[in-house]
Amino acid sequence: MVTTTEPSGTNEEQREPSERKRAPKTRSFSRYILPSNRHPFSVHFEILRRFVTGSRAGAEGVSAQRVEVEGVPAQAASMNVRFMRDVGLLIAPKRGKYAPTKEAIRFVNARSVSDERARPILNGLISSAWFADVARNAFATQPIMTEDQFIGELALTAQADREREEAALRVILEYLVYAGIMTRDERGLSLNSAPPAQVG
């Protein structure tokens with residue numbers, strides 16, 4: 001995967017024309033598709049919710065730009081749609097158009113009620129993802145580890161530049177914790193032996 005990153009706080013429109021031409025783009029290569037390293041995990045929920053409403057619950061595809069309105073930063077959807085497709089949250093019925101999967105719609109609707117109802121749905125979606133395998137393999141040999149240690153395991157498996165992609169890898173960590181695949185407590189991170197149960 002190729003991601004394009006620029007120093008935080010840099011606005012392309014604010015640069016002088018000559019500066020825009022000179023500024024090099026930094027590319028980071030990864031074995032797997034990663035989320036954007038510019039947007040936190042919490043933004044993913046809002047992006048997905050906007051895709052559900054904008055597509056009329058999956059009836060039609062919408063562009064990423066269309067969901068980048070109040071509450072969703074510019075480029076946040078555009079830079080995360082590939083990851084969301086990869087984990088089964090979005091499909092692309094047409095080129096440049098995206099719609100939520102049935103499970104994503106269930107997740108958004110459940111989360112509008114409570115996180116407890118939403119967690120098992122996300123768990124089912126990402127439990128077969130490469131990063132869920134990383135968690136199961138890593139904790140098989142080390143039952144407790146720090147977040148920094150686990151970020152390192154993700155970086156190694158993804159063959160990603162840890163320093164450059166740490167923010168993206170932390171988003172993945174939060175997916176795993178929210179879905180109940182991992183637990184976080186005062187000791188650190190550990191594998192959840194029992195998946196979250198369906199509520200109601």
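Quantities reported herein were computed from a predicted structural model and do not represent experimental measurements.

## Quick word on the confidence of the model for the protein chain
Then, in step 1: Across the protein chain, pLDDT averages 88, with 84% of residues at or above 70.
Then, in step 2: Scored below 50 in pLDDT, residues 1–26 makes 33 contacts in the model with residues more than four places away or belonging to other chains.

## A word on helix α7 (residues 130–141)
Then, in step 1: With 12 residues, α7 should reach 16 Å at 1.5 Å per residue; the first-to-last C-alpha distance of 18 Å fits that figure.
Then, in step 2: Of the positions making up α7, those classed as buried are Trp130, Phe131, Ala132, Val134, Ala135, Ala138 and Phe139.
Then, in step 3: Looking at the buried residues of α7, the elements they touch are α4 (81–86), α6 (115–126), α8 (147–158), α9 (162–178), β5 (182–185) and β6 (188–191).

## Notes on the environment of Tyr178
Then, in step 1: Inspection of the secondary structure assignment puts Tyr178 in helix α9.
Then, in step 2: In this structure Tyr178 comes out as buried when scored by relative accessible area, which is 7%.
Then, in step 3: What Tyr178 contacts, discounting residues up to four positions off in sequence, is Phe41, Phe45, Phe107, Arg111, Asp115, Ala118, Arg119 and Leu122.

## A short note on the packing of aromatic side chains
When we look at a pair of aromatic rings, we describe it by the centre distance and by the angle of the planes.
Then, in step 1: In the structure shown here, the tally under the stated rule is 12 aromatic pairs.
Then, in step 2: Where Trp130 meets Phe131, the ring centres are 5.6 Å apart and the plane angle is 85°; that geometry is what we call edge-to-face. Phe131 matches Trp130 in its accessibility class, with the two residues each being buried.
Then, in step 3: Linked through ring pairs, Tyr32, Phe41, Phe45, Phe83, Phe107, Trp130, Phe131, Tyr175 and Tyr178 together constitute an aromatic cluster.
Then, in step 4: The lysine or arginine in question, Arg111, covers the ring of Phe45, its NZ or CZ lying 3.8 Å from the ring centre.
Then, in step 5: Residue placement shows Arg119 over the ring face of Tyr178; its charged tip is 4.6 Å from the ring centre.

Calculation notes
- Residues numbered from 1 in each chain as written.
- Predicted model: local features only at pLDDT ≥ 70, side-chain atom pairs only at ≥ 80, totals over all residues.
- Heavy atoms only, no water.
- pLDDT = per-residue confidence, 0-100.
- Contact = heavy atoms within 4.5 Å.
- Helix = DSSP H or I, 4+ residues; strand = E, 2+ residues; numbered from the N terminus.
- Expected span 1.5 Å × (residues − 1).
- Buried < 20%, exposed > 50% of the residue type's maximum accessible area, 1.4 Å probe, protein only.
- Phe/Tyr/Trp six-rings, centres within 6.5 Å; stacked < 30°, edge-to-face > 60°.
- Lys NZ or Arg CZ within 6 Å of the ring centre and 35° of its normal.

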